[in-house]
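Fold and geometry: a report
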Amino acid sequence: MSSENIIKIKPLTATAIVPKYAHGTQDAACDLYADADVNIPPFSTELVFTGLAMSFPSNLVACVCSRSGLARDGVTVANAPGIVDSSYRGNIGVILRNDSETPFNIKRGDRIAQLMFLPVVHAQFDIVDELDDTDRGEGGFGSTGK
């Protein structure tokens, strides 16, 4: 693994679980684990901490994404993808939303989200009076049909 991809992990509790890739290099994202028992009432949102802080290069961003296994139960990352900037050093938290009619119980050690590292590109903005024409033009939401 290249040194530019080294993610430094600092467990903040004795029970925190380091992220894992379930299928090694075949996975795009690693699993994040709950570091506490949390009950999410129906149609509610709860912040679930991982008990981990991390440091990674500024050319990366960590994206917190929903797990398909939880989504089947109506539980998703509320602000998906959640963004963890390289300058953040606090406890990594996951904002989970329960959109089902039944409470959802999370136990310490449960997989609660996926974490994907992506390259960062900083854009430069140029104020112009006109934009180039395209076939699509201003056609937006649903403009290409069903």
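For the structure, check the block above.
None of the values given here were measured: they were computed from a predicted structure.

Grouped together as the largest cluster of nonpolar side chains are 24 residues, with contacts concentrated most on Leu32, Val64, Val94, Leu96, Ile106, Ile112 and Leu115. Among the elements of the structure, strand E2 (30–33), strand E3 (38–40), strand E6 (60–65), strand E7 (75–77), strand E9 (93–98), strand E10 (104–106) and strand E11 (111–119) are those that each provide at least two residues to this core. The element that contributes the greatest number of residues to this core is E11, accounting for four residues. Contacts of leucine 32, omitting those with residues within four sequence positions, involve Pro19, Thr50, Val64, Ile92, Val94, Asp110, Arg111, Ile112, Ala113 and Leu115.

This part is about a nonpolar patch on the surface. Side chains of Leu47, Phe49 and Ile95 sit close together on the surface and give an oily, nonpolar patch of about 240 Å² of accessible area. For isoleucine 95, the location among the structural elements is in strand E9.

In this approach the atoms are scanned with a rolling probe the size of a water molecule, which exposes any empty space left behind. Computed from the structure, the second largest pocket encloses a volume of approximately 160 Å³. Looking at the second largest pocket, the residues that line it are Leu47, Val64, Val77, Asn79, Gly82, Ile83, Val84, Tyr88, Ile92, Gly93, Val94 and Ile95. When contributions to the lining of the second largest pocket are tallied by element, the ones reaching two or more residues are strand E8 (82–84) and E9. Taken together, the residues of the lining of the second largest pocket break down into nine nonpolar, three polar and no charged.

Here we take up the sheet that holds E7. Strands sit in the order E4-E9-E7 across an open sheet of three strands; the sheet is antiparallel. Strands with a single pairing partner mark the edges of an open sheet, and in this sheet they are strand E4 (44–49) and E7. Within this sheet the neighbouring strands show an average axis-to-axis angle of 30°, counted without direction. Pairing of E4 with E9 involves six bridges; the strand directions are antiparallel.

Rules of the game
All chains use their own residue numbering, which begins from 1 and follows the written sequence. Local features in this predicted model are restricted to residues of pLDDT 70 or higher, and side-chain atom pairs are both shown and tallied only at a pLDDT of 80 or more, whereas totals for entire chains, interfaces and linings draw on every residue. Just so you know, side-chain values use all the structure's heavy atoms and leave hydrogens and water out. Residues grouped as a nonpolar core are buried Ala, Val, Leu, Ile, Met, Phe, Trp, Tyr and Cys residues, joined through side-chain atoms within 4.5 Å. Exposure is judged per residue with a 1.4 Å probe applied to protein chains only, and the accessible area is read against the type maximum: over 50% gives exposed, under 20% gives buried, and values in between give partly exposed. Helix and strand assignments come from DSSP, with helices taken as H or I runs of at least 4 residues and strands as E runs of at least 2, each series counted from the N terminus. Working rule for contacts: check all heavy atoms of both residues, and any pair within 4.5 Å makes them a contact. Residues enter patches when their relative accessible area tops 30% and they take part in no salt bridge; the joining distance is 9 Å for like charges and 5 Å for the nonpolar side chains Val, Leu, Ile, Met, Phe, Trp and Tyr. Shrake-Rupley sampling with a 1.4 Å probe provides the accessible areas, and residues are treated as covered by the protein chains on show and by no other component. Note on definitions: salt bridges are taken to be side-chain nitrogens of Lys or Arg within 4 Å of carboxyl oxygens of Asp or Glu. Lining residues are those with an atom within 4 Å of a point, where the points come from a 1 Å grid over the protein atoms alone and group into cavities, where a 1.4 Å probe fits but cannot get out, or pockets, open sets with protein on both sides within 12 Å along at least five of seven lines. Grid points are joined across faces, edges and corners, and a volume is the space filled by probe spheres set on the points. Residue polarity follows a fixed list, in which Ala, Val, Leu, Ile, Met, Phe, Trp, Tyr, Cys and Pro are nonpolar, Asp, Glu, Lys and Arg are charged, and the others, Gly among them, are polar. Strand pairing requires that DSSP identify at least two bridges connecting the strands. All axes are obtained by fitting lines to C-alpha atoms, using only the stretch in contact for helices, and the reported angles, taken between N-to-C directions, cover 0 to 180 degrees.

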